[in-house]
Amino acid sequence: RKGWMELRTLSKSEFWQLGASGLFLFVHFYFFFRAVKETSVANATLLFSLNPVTTVAGAWLMFRERLTPHLAIACALGFLGVAVLLGEKWLDASLPAPNTSFYGNIWSLLSAACCSGYLLTGKRLRLKLSNATYASSIYLQTAVYAAVIMIFVGESFVSYTPTTWWMFVALAVFPTLLGHAVFTYCLNFLNVNFMSCMTLVEPLFAAIAAYYLFSEPLSRFAAVGFLLTCASVLALYWPAFTRRARA
């Protein structure tokens, strides 16, 4: 009831923003899962880790937030890392012509952009809505979009193996409850810039897990891309770190 009362305070344009935010989140999930299917886990998580840079760049475009030298450097390093990954098939003559992995990298990049769109469209809504109301509205929309797509393509809602159902449970428990929920909880105790930079360990852990679970090798291009992405996000948040150190 409290959540409904909060939603009634939104204007028509804010309802459109809420709808856009939910759509961005759904498309982000769609692109990311498609990317993991068509490229390596390392590349998918690495390109997605650029979303702090794309979010700040989007804030500059949408809200005219000041473009600082650190942001310009971060964007340049980030786009260079993307170029290394997307150009891997041309830079290494021993590799075949561009195949599905190239398009998988594109899906990963689009996933990061959609995640930024989700954050940016929800930026002002969070000033009027509680976290519970906003999150519930967004995830409900995402579930509805997914259900519509599944009905449209004729995908079953229940005909899955026990292993697949356990995977669904694992996705709910680990990334959601032990991932997003813990991340939100820690916002009250840790610096948000530090936490954002800590997400850079995700591609590293994902690459190690994929190596042992799926025998996915880590190419030297992915390693270079990882270093450039790390440098990009660190350059973005370096002023906040230095201010905190002087405080």
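Residues numbered from 1 in each chain as written. Predicted model: local features only at pLDDT ≥ 70, side-chain atom pairs only at ≥ 80, totals over all residues. Heavy atoms only, no water.

**Here we look at the packing of helix 2 (residues 12-38) against helix 3 (residues 41-48)**
Point 1. For the pair helix 2 and helix 3, interaxial distance at closest approach is 8 Å and the crossing angle is 150 degrees. With respect to helix 3, the axis of helix 2 lies roughly antiparallel. Counting all contacts with helix 2, which are made through His28, Phe32, Ala35 and Val36, the residues of helix 3 involved are Val41, Ala44, Thr45 and Phe48.
Point 2. Among the residues making up the contact of helix 2 with helix 3, the classes are represented as six nonpolar, two polar and no charged. (Axes fitted to C-alpha atoms, helices over the stretch in contact; angles between N-to-C directions. Helix = DSSP H or I, 4+ residues; strand = E, 2+ residues; numbered from the N terminus. Parallel < 35°, antiparallel > 145°, perpendicular 65-115°, else oblique. Contact = heavy atoms within 4.5 Å. Nonpolar A, V, L, I, M, F, W, Y, C, P; charged D, E, K, R; others polar.)

**Examining the packing of aromatic side chains**
Point 1. The final tally for this structure, using the stated rule, is nine aromatic pairs.
Point 2. Note on Phe26 and Tyr145: the rings are 5.7 Å apart at their centroids and 50 degrees apart in plane angle, and the pair reads as tilted. One end of the pair, Phe26, is in helix 2; the other, Tyr145, is in helix 8 (residues 131-153), with 119 residues separating them in the sequence.
Point 3. Of the residues examined, Phe26 reaches a relative accessible area of 16% and is grouped as buried.
Point 4. Tyr145 gets classed as partly exposed once you look at its relative accessible area, which sits at 26%.
Point 5. Centroid distance Phe31 to Trp107: 5.6 Å. Interplanar angle 5 degrees. Geometry classified as stacked. With Phe31 in helix 2 and Trp107 in helix 7 (residues 100-121), the pair connects residues that are 76 residues apart, well separated along the chain. As far as the burial class goes, Phe31 and Trp107 line up, both buried.
Point 6. Taken together, the aromatic side chains of Tyr30, Phe31 and Trp107 make up a single cluster linked through ring pairs. (Phe/Tyr/Trp six-rings, centres within 6.5 Å; stacked < 30°, edge-to-face > 60°. Buried < 20%, exposed > 50% of the residue type's maximum accessible area, 1.4 Å probe, protein only.)

**A word on the environment of Leu119**
Point 1. Its place among the elements puts Leu119 in helix 7.
Point 2. Setting aside anything within four residues of it in sequence, one finds Leu119 in contact with Asn51 and Thr55.

**Comments concerning the confidence of the model for the chain**
Point 1. Averaged over every residue, the pLDDT of the chain is 77; residues scoring 70 or more account for 77%.
Point 2. The secondary-structure element of the chain with the lowest mean pLDDT is helix 10 (residues 192-198), recorded at 51, while helix 2 shows the highest, at 89. (pLDDT = per-residue confidence, 0-100.)

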